[in-house]
Amino acid sequence: MTERKFMSLAYDLAKRGQYTTKPGVNVGCVIVKKGKIIGQGWYEKYGGRHAEVNAINSVKKRYPKSYEHALSNSSIYVSLEPCSTYGKTPPCVDELKKYSFKEVVIGDKDKSQNGIEELKKAGLKVKELNLNDLKTNQGFLKKVNLKRPYVRAKIAMSKDGKISFKNNKNKWITSKASRKDAHHYRAISDLIVTGTGTLLKDDPSLNVRDRNITKHKSFKQPHKAVVGDSLNDLKDLKFFKDKVQKIVFASRKKNLPNINQLKNTEVKVLNKSGSKLDLVSFLNKTVKMGYKEILIEAGPKLLTSFIKADLIDEFIVYIAPKILSNTADSFFEGPSSLNPLKSKKYKIIESTKIGIDKKLIYRRKQKWD
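Bear in mind the structure is a predicted one, so any value in this text is a computation, not a measurement.

> Teacher, can you tell me more about the overall build of the chain here?
Looking only at helices and strands, the chain has 11 helices and 18 strands in total. On C-alpha atoms alone, the chain measures out to a radius of gyration of 23 Å, which is about the 21 Å that the 2.2 N^0.38 rule sets for 369 residues. In terms of principal-axis extent, the alpha carbons of the chain reach across some 70 × 45 × 35 Å. Of all 369 residues assigned to the chain, the portion counted as buried reaches 53%. Restricting the contact set of the chain to residue pairs at least 6 apart, pairs at least 24 apart contribute 67%. Carbon and sulfur atoms form 47% of the exposed surface of the chain, whose accessible area is close to 18100 Å². Here the chain contributes 76 positive and 37 negative side-chain charges, whose respective centroids are spaced 3 Å apart.

Structure below.
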């Protein structure tokens with residue numbers, strides 16, 4: 001196997017913790033000696049042992065009487081720079097310093113830590129192998145580097161770009177398979193965001209209901225937010241009936257009658273930019289609240305506002321094999337020149353079939369790490 005394949009495996013291992021590590025990060029680790037993998041591990045749950053420790057422990061389990069010899073002159077591949085500060089556990093660099101590794105190979109750098117410098121000071125050889133296409137911590141890295149959350153938008157649409165039926169008797173555009181697949185993106189998000197129009201029209205719960213995800217003991221439902229004014233009878237909406245933390249972003253609290261009757265719900269006031277709420281201010285507030293990965297599931301108005309403000313990093317698009325014409329509204333209410341799915345700012349990083357639907361993922365080309 002090549003270095004790239006060993007690091008790719010570390011990233012794959014990191015993804016095993018994607019449903020159970022919030023609000024932490026996803027990290028995988030592989031230990032290699034003479035071209036063979038002798039240990040591996042990942043960060044399994046928030047507050048638990050880190051990936052590097054789990055990988056070293058796997059070597060100890062495999063070679064209980066000679067683990068120090070096994071680790072000596074081996075290479076350790078870590079998908080994210082090892083931590084150098086105390087958190088829920090001691091710094092990983094302290095654990096790595098105990099052994100005579102041939103080299104420490106690191107994927108993504110973490111500017112919030114000083115792990116690389118600490119390892120070099122200890123005399124360990126450090127190599128950086130950044131595989132930009134394999135990232136698992138887009139939100140964390142963007143938050144650390146730009147003080148902004150990573151923003152995804154999920155769009156379920158027809159072949160002609162329609163996402164919202166004008167007739168309320170109709171609801172679903174894409175297949176059940178696509179709707180189930182979309183729960184993955186809810187699960188890896190810290191905050192799911194929608195608009196007042198979607199809440200009032202569709203009355204969605206906006207939670208994760210895929211049992212393959214929720215069965216994990218350490219899984220936590222993402223928080224939820226609604227952006228907009230003039231919401232009435234909030235207590236009757238499914239969105240507000242669960243125990244998950246909810247936030248209402250509005251221009252004035254007085255626009256929200258009976259808000260104090262709702263449990264686990266708070267209001268954040270946003271300034272207006274013209275006639276609309278200031279979405280840059282929204283992102284600044286959410287990142288200060290600790291949110292790093294945001295998923296937008298909204299109708300044309302809020303989606304269009306985010307697109308015009310150029311605030312979306314990634315689009316997950318499910319396309320049903322149907323034409324809805326004038327029976328439904330388009331996902332984007334702006335000029336064709338600003339349509340993000342036609343923009344050179346984004347590239348398609350995934351194209352697959354989900355049931356009868358087509359799934360495309362568009363990611364912003366701009367590098368911020």
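> Would you mind showing me how to read the nonpolar core here?
Most often, soluble globular proteins keep nonpolar side chains buried together rather than apart. Counting 35 residues, the largest nonpolar core has Phe282, Ile296, Phe306, Ile312, Phe315 and Phe331 as the members making the most contacts within it. Non-local contacts of Ile296, meaning those with residues more than four positions away in its chain, are made with Val151, Arg152, Ala153, Lys154, Val193, Leu303, Phe306 and Ile312.

> Any chance you could explain the pairing of strand β2 (residues 36-42) here in plain terms?
Residues in a regular strand point their side chains to alternate faces of the sheet. Here 6 bridges tie strand β1 (residues 28-33) to β2, and the two strands are oriented antiparallel to one another. Bridging from a neighbouring strand, Gly28 pairs with Trp42 of β2. Hairpin connection from β1 to β2: 2 residues lie between these consecutive antiparallel strands, with Lys34 at a positive phi of about 55°.

> What is the right way to look at the packing of aromatic side chains in this model?
When we look at a pair of aromatic rings, we describe it by the centre distance and by the angle of the planes. All told, the structure shown has 7 aromatic pairs when counted by the stated rule. Ring geometry for Phe239 versus Phe240: centroids 4.9 Å apart, planes at 75°, classification edge-to-face. Neither Phe239 nor Phe240 differs from the other in exposure class; each is buried. Between the NZ or CZ atom of Arg16 and the centre of the ring of Trp42, over which it lies, the distance is 4.8 Å. Sitting over the face of the ring of Phe239, Lys224 holds its NZ or CZ atom 4.7 Å from the ring centroid.

> Where do I start with the side chain of Lys154 in this structure?
Along the chain, the position of Lys154 falls in strand β6 (residues 150-158). At 3.4 Å, the side chain of Lys154 forms a polar contact with the side chain of Glu297. If near-sequence neighbours (up to four positions away) are discounted, Lys154 is found in contact with Ala182, Leu295, Ile296, Glu297, Ile316 and Tyr318.

> In this structure, what is going on with the sheet that holds strand β10 (residues 246-250)? I would like to understand it.
Strands belonging to one sheet form pairs held by backbone hydrogen bonds; the direction of such a pair is parallel or antiparallel. Strand order in the open sheet made by the 9 strands is β11-β10-β9-β8-β14-β6-β15-β18-β17, with mixed pairing throughout. For this open sheet the edge positions go to β11 (265-269) and β17 (346-354), each flanked by a neighbour on one side alone. In this sheet, neighbouring strand axes are inclined to one another by 20° on average, regardless of whether the strands run parallel or antiparallel. With 5 bridges connecting them, β10 and β11 associate as parallel partners. Residue Lys246 lies in a different strand from β11, and its bridge partner there is Thr265. Where helix α6 (residues 138-146) meets the sheet, it contacts β6, β14 (293-296) and β18 (357-364), and its direction lies at approximately 135° from that of β6.

> Where do I start with the environment of Tyr185 in this structure?
Checked against the element boundaries, Tyr185 lands in helix α7 (residues 176-187). The class for Tyr185 is buried, based on a relative accessible area of 7%. On a C-alpha basis, the gap between Tyr185 and Val32 in space is 32 Å, while along the polypeptide they are 153 residues apart. In this structure Tyr185 touches Arg152, Leu295, Ile316, Tyr318, Lys359 and Ile361, once residues within four positions along its chain are discounted.

> Can you help me understand the state of the cysteines in this one?
One way to say it: the disulfide is the covalent bond shared by the sulfur atoms of two cysteines. Taken as a whole, this structure holds 0 disulfides when the rule is applied. Cysteine Cys92 is unpaired, with the sulfur of Cys83 as its nearest cysteine sulfur at 3.6 Å.

Calculation criteria
- Residues numbered from 1 in each chain as written.
- Predicted model: local features only at pLDDT ≥ 70, side-chain atom pairs only at ≥ 80, totals over all residues.
- Heavy atoms only, no water.
- Helix = DSSP H or I, 4+ residues; strand = E, 2+ residues; numbered from the N terminus.
- Rg over C-alpha atoms; globule rule 2.2 N^0.38 Å.
- Buried < 20%, exposed > 50% of the residue type's maximum accessible area, 1.4 Å probe, protein only.
- Contact = heavy atoms within 4.5 Å.
- Areas by Shrake-Rupley, 256 points an atom, 1.4 Å probe, with all protein chains shown as cover.
- Lys, Arg positive; Asp, Glu negative; His and termini not counted.
- Charge placed at Lys NZ, Arg CZ, Asp CG, Glu CD.
- Core = buried A, V, L, I, M, F, W, Y, C linked by side-chain atoms within 4.5 Å.
- Pairing = 2+ DSSP bridges.
- Phe/Tyr/Trp six-rings, centres within 6.5 Å; stacked < 30°, edge-to-face > 60°.
- Lys NZ or Arg CZ within 6 Å of the ring centre and 35° of its normal.
- Polar contact = N/O pair within 3.5 Å; in protein donor to acceptor, adjacent residues only side chain to side chain.
- Axes fitted to C-alpha atoms, helices over the stretch in contact; angles between N-to-C directions.
- Disulfide = S-S within 2.5 Å.

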